[in-house]
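A look at the structure
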Amino acid sequence: MKRSFALKNCARHINLRSLSTSVPRHGPQVCVIGSGPAGFYVTQHIIKTLPDAKVDIYEKLPVPFGLVRFGVAPDHPEVKNVINSFTKTAQNPRVRFVGNVSLGKDMSLKDLQELYHAVVLTYGAAQDKTFGIPGEDLENILSARRFVGWYNGQPGDEKLNPDLSVDTVAVLGQGNVALDVARVLLAPIDQLKSFDITQHALEALSESRVKRVLLIGRRGPLQAAFTIKEAREMVKLENCKTVFRLEDFKGVKEFMPNVSRPRKRLIELLTQTAMEPKLELVEAWKKAERSFEPIFYRNPVAFLPSVSTPGKVGAVKLAVTKLNGEMSETQSVINTNEFEELKCGLALRSIGYKAFAADPDIPFDPKQGIIKNSQGRVEGLPGVYCGGWVGTGPVGVIVNTMGNAFELGRVIEGDIKDGTLNSNIRKPGFEEAAKILDNKGVQVVSFKDWEKIDSEEQNRGKPSGKPREKITKVSEMLNIAGN
Ligand code: FAD
Ligand code: NAP
């Protein structure tokens, strides 16, 4: 099977090679590693501002778009519209999508430096932070990252099997990822089933017995990491009541005049919902069978086993925290000597994603969790750049990532135009990369191949009225791509 793929590939590569000899490839050869928003936006800037540049986008998976495909919540389909502009970019004759090729496995950084004038690392942050506290390896303690992957069809997460036969889920962390997973757990199944959500997740969620989701954060309402749109969705969620602890709001109302404008509406929403909820909400909540319970000022210190099933999580032990210093939106907290234990049958750790060095030659700052760089120029490696979450850390929405990637594009453009980066020496780019990959028997997935996978997914989604049914196995994706 592998051999026949390699042969088919070989044919494709021969075509590409003959194409590239008939059209001389002058100008800067750039490779971008990772096809998420950062990769696509930096590519857009380069092809727009450097008319003779060519960009090859290498992607670990056979499918493009990174967290737009595998992160963004199914019930936020409008966010995925950026895919339309990324598709146009990928279809530009000066751009080539090279799917199923992983930096650090199929190609090394050294290989790419040899082949391209500029190497741009935009491979995201695909690991998760852990607490490092006792009991963290108990069963049914999962990362939100993998739970998201499970409902969004990330290869490798399809068998996660979260046990949803439990009454209470503790989500640890209060960012927007935490709200996404809380919403997916609490939303009526009818509100999810027409979206791009995996069938295995829909089936498990439709049999879920989860009644309560606790959203636990170490700081207070003033410092909450989630944003207003996502908080409002939770408050208005059908058949679900939002329950705050009134004591968490001590002093918040009084501080309101000092709250910065962007956060004001969020804090108003939280205080109003906690202290004087609108009548229509109170009425709707009387009938609600599920509850969403944000809990502030609590920091996990241990996970405790279930009494009936000792291998499984049964509770989370939390230190009560208190704010340190003067009240502000950026205030930190310290643990006190008081503790609280909260029962839960499933715990989802949602305290952020984590980047890593995909290749041993990448200088990485483990403390900040980013590639060492200055304005996107990777430290000690001329011609190597980084952007998006692997360069900034795993924070920010797509618009922030776009801003960072455009800024990086300007840096690369400047370096090429002012000669800092010498693009006059001929570099072979994909011509040579194809040979290396052929030799390793790697099946390269082109953008046209991805379009075959895309169309198959859309067809599979039709019977259930979904925009697509994602294929979750890489081998199946490769089969479709290779046919
Ligand atoms: P990514 O999107 O992660 O892209 C990185 C790409 O690199 C991936 O395709 C990956 O497969 C590839 N890659 C990884 N390793 C390698 C390798 N070794 N070789 C080759 N390729 C590799 N923002 C919003 O605006 N709205 C939302 O609703 C929203 N929802 C989100 C939900 C979740 C769960 C998460 C985690 C984030 C969400 N965001 C949202 C934020 C948004 O997704 C990020 O800002 C953005 O995706 C970061 O882009 P990136 O290109 O840096 O990383
Ligand atoms: P995040 O916004 O940084 O939130 C992380 C949460 O984890 C915070 O509550 C943080 O608390 C907590 N935390 C971190 N380390 C901790 C520790 N050691 N102990 C206890 N708590 C800890 O991260 P995220 O939710 O993963 O989201 C990542 C980015 O993607 C964000 O910018 C987010 O807005 C974006 N995103 C957007 C959407 C959307 O637009 N709908 C959806 C999902 C994600 P502290 O604040 O106290 O540090």
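Residues numbered from 1 in each chain as written. Chains lettered and ligands numbered in written order. Predicted model: local features only at pLDDT ≥ 70, side-chain atom pairs only at ≥ 80, totals over all residues. Heavy atoms only, no water.

Attention shifts here to the domain arrangement of the chain. For the chain, the assigned domains are domain 1 (2–126 + 354–482) and domain 2 (130–351). A straight line from the C-alpha centre of domain 1 to that of domain 2 covers 34 Å. Tallying the contact residues gives 25 residues for domain 1 and 24 residues for domain 2. Between domain 1 and domain 2, the buried area comes to about 2000 Å², and carbon and sulfur atoms account for 52% of it. Of all residues in domain 1, the largest losses of buried area upon contact with domain 2 belong to Phe 70, Pro 74 and Thr 472, amounting jointly to 31% of the total for that side. (Domains from an automatic or database assignment. Contact = heavy atoms within 4.5 Å. Buried area = accessible area lost by both parts, 1.4 Å probe.)

So, about the side chain of Glu 469. Relative to the helices and strands, Glu 469 is located in the loop between helix 16 (447–461) and helix 17 (474–482). When its relative accessible area of 15% is taken as the criterion, Glu 469 is described as buried. Not counting residues within four places of it along the chain, the set of residues in contact with Glu 469 comprises Ile 197, Thr 198, Gln 199, Glu 457, Arg 460 and Gly 461. (Helix = DSSP H or I, 4+ residues; strand = E, 2+ residues; numbered from the N terminus. Buried < 20%, exposed > 50% of the residue type's maximum accessible area, 1.4 Å probe, protein only.)

According to the stated counting rule, one finds two cavities of 30 Å³ or more in the structure shown. Lining the largest cavity, in full, are Leu 179, Phe 226, Ala 231, Met 234, Val 235, Thr 242, Phe 244, Leu 270, Phe 292 and Pro 294. Among the elements of the structure, helix 9 (228–235) and strand 10 (290–295) are those that each provide at least two residues to the lining of the largest cavity. Ranked by the residues each element gives to the lining of the largest cavity, the list is headed by helix 9, at three residues. Across the lining of the largest cavity, the residue classes tally to nine nonpolar, one polar and no charged. (1 Å grid on protein atoms, 1.4 Å probe; cavity = no way out; pocket = protein on both sides within 12 Å on 5 of 7 lines; lining within 4 Å. Points joined across faces, edges and corners; volume = space filled by probe spheres on them. Nonpolar A, V, L, I, M, F, W, Y, C, P; charged D, E, K, R; others polar.)

Evaluation of the coordinates by the stated rule reveals 16 aromatic pairs. Look at Phe 244 and Phe 249: their rings are 5.2 Å apart centre to centre, the planes differ by 85 degrees, and that puts the pair in the edge-to-face class. Relative accessible area serves as the criterion here: at 13%, Phe 244 is assigned to the buried category. One Lys or Arg, Lys 317, reaches over the ring of Phe 339 and ends 4.7 Å from the middle of that ring. (Phe/Tyr/Trp six-rings, centres within 6.5 Å; stacked < 30°, edge-to-face > 60°. Lys NZ or Arg CZ within 6 Å of the ring centre and 35° of its normal.)

On to the sheet that holds strand 13 (residues 332–343), then. The sheet built from three strands is open, its strands ordered 11-12-13 with antiparallel pairing. Each edge of the sheet is formed by a strand with only one pairing partner; in this case those strands are strand 11 (298–305) and strand 13. Taking each pair of neighbouring strands and ignoring which way they run, the sheet shows an average axis angle of 20 degrees. In terms of strand pairing, strand 12 (residues 313–324) meets strand 13 through nine bridges, oriented antiparallel. Among the inter-strand pairings, Leu 323 is bridged to a residue of strand 13, identified as Val 333. (Pairing = 2+ DSSP bridges. Axes fitted to C-alpha atoms, helices over the stretch in contact; angles between N-to-C directions.)

Our next topic: the nonpolar core. Of all hydrophobic cores here, the largest spans 84 residues; its most connected members are Tyr 58 and Leu 121. For this core, the leading source of residues is helix 7 (residues 176–186), giving seven residues. When residues of this core are assigned to domains, at least three fall in each of domain 1 (2–126 + 354–482) and domain 2 (130–351). With residues near it in sequence (within four places) discarded, Leu 121 still touches Ile 33, Leu 103, Leu 109, Ile 362, Ile 371, Val 384, Tyr 385, Cys 386, Gly 387 and Val 390. (Core = buried A, V, L, I, M, F, W, Y, C linked by side-chain atoms within 4.5 Å.)

What surrounds ligand 1 is a group of 31 residues, the closest being Glu 59, Trp 389, Gly 396, Ile 398 and Thr 401. Contacts to ligand 1 include Ala 38, whose backbone N or O atom sits 2.9 Å from an oxygen atom. Compared with its free state, where it exposes 1000 Å², ligand 1 has 91% of that area covered by protein. Breaking the shell around ligand 1 down by element, the ones donating at least two residues are helix 2 (37–49), strand 2 (54–59), helix 3 (66–70), helix 7 and helix 14 (398–417). By residue class, the composition of the shell around ligand 1 is 17 nonpolar, eleven polar and three charged. Shared between two domains, the shell around ligand 1 holds at least three residues of each, these being domain 1 (2–126 + 354–482) and domain 2 (130–351). (Near = heavy atom within 4 Å. Polar contact = N/O pair within 3.5 Å; in protein donor to acceptor, adjacent residues only side chain to side chain. Areas by Shrake-Rupley, 256 points an atom, 1.4 Å probe, with all protein chains shown as cover.)

Okay, the site of ligand 2 next. Inspection of the region around ligand 2 gives 20 residues, with Gln 174, Arg 218, Arg 219, Glu 230 and Gly 396 positioned closest. Measuring from an oxygen atom of ligand 2, one finds a side-chain N or O atom of Arg 219 at 2.8 Å. Between ligand 2 and Gly 396, the relevant distance is 2.6 Å, taken from an oxygen atom to a main-chain nitrogen or oxygen of the residue. Within the complex, the protein chains bury 77% of what would otherwise be the 920 Å² of accessible surface of ligand 2. When residues in the shell around ligand 2 are grouped by element, the largest group, three residues, is from helix 7. Along the lines of polarity and charge, the residues of the shell around ligand 2 split into eight nonpolar, eight polar and four charged. Of the domains in this structure, domain 1 (2–126 + 354–482) and domain 2 (130–351) are the two that each give at least three residues to the shell around ligand 2.

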